[in-house]
Amino acid sequence: MSAIMQLADNDDTGGQFVAEIIKVFLDDLSERVLTIGLQMKEGDRAGIAATAHAIKGSCGHFGAVHLMELSRELEDRARRERAGDLEVAIFTMIAETERVRTALEAFPIHQREG
């Protein structure tokens, strides 16, 4: 988040920019969580792995290290385990997405510009 916060500090529209990229990230995260839920119902391990990989890739920009780790673990497990065995990992990752959402929605830049 420090690089993003530097953008916010550099000019008058920086805070608005940060609020917008947080919104885009959270919208994308919601979409991907829904996708993983559907993939779980369909037993689509390859899809789960790909979606977890995509979530993992975007988490680092927002300081969501724990979500990134859970996504990596889910991706790895989806590649080597049966889909039914992934439920706990998926639910744990989804719970962490909600914690990340709450933290980012409470982020001061987001509040000022939202």
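See above for the structure.
Because the structure is a prediction, the values reported are computed rather than measured.

Its location among the elements puts threonine 97 in helix H5 (residues 87-105). Discounting chain neighbours no more than four positions away, the residues touching threonine 97 are Leu29, Val33 and Leu67.

It is worth spelling out the nonpolar core at this point. Counting residues in hydrophobic clusters, the biggest one holds 24 residues, and the most contacted among them are Leu67 and Leu74. Contributions of two or more residues to this core are made by helix H2 (14-42), helix H3 (45-59), helix H4 (65-80) and H5. If you tally residues by element for this core, the top one is H2, at seven residues. With residues up to four places along the chain from it excluded, the contact list for leucine 67 reads Leu29, Ile55, Cys59, Met93, Glu96, Thr97 and Val100.

Turning our attention to the pattern of salt bridges. Scanning the model with the defined rule gives nine salt bridges in all. Put simply, glutamate 73 and arginine 77 hold a salt bridge, and the shortest N to O gap is 3.9 Å. Here arginine 77 and glutamate 73 lie together in helix H4, a separation of four residues that amounts to about one turn. Given the relative accessible area of 36%, glutamate 73 is considered partly exposed. Here arginine 99 and glutamate 96 are joined by a salt bridge, their closest N and O atoms 2.7 Å apart. Of this pair, arginine 99 and glutamate 96 are both found in helix H5, three residues apart, which corresponds to roughly one turn of the helix. By relative accessible area, arginine 99 is classed as partly exposed at 48%.

Conventions we followed
Residues numbered from 1 in each chain as written. Predicted model: local features only at pLDDT ≥ 70, side-chain atom pairs only at ≥ 80, totals over all residues. Heavy atoms only, no water. Helix = DSSP H or I, 4+ residues; strand = E, 2+ residues; numbered from the N terminus. Contact = heavy atoms within 4.5 Å. Core = buried A, V, L, I, M, F, W, Y, C linked by side-chain atoms within 4.5 Å. Buried < 20%, exposed > 50% of the residue type's maximum accessible area, 1.4 Å probe, protein only. Salt bridge = Lys/Arg side-chain N within 4 Å of Asp/Glu carboxyl O.

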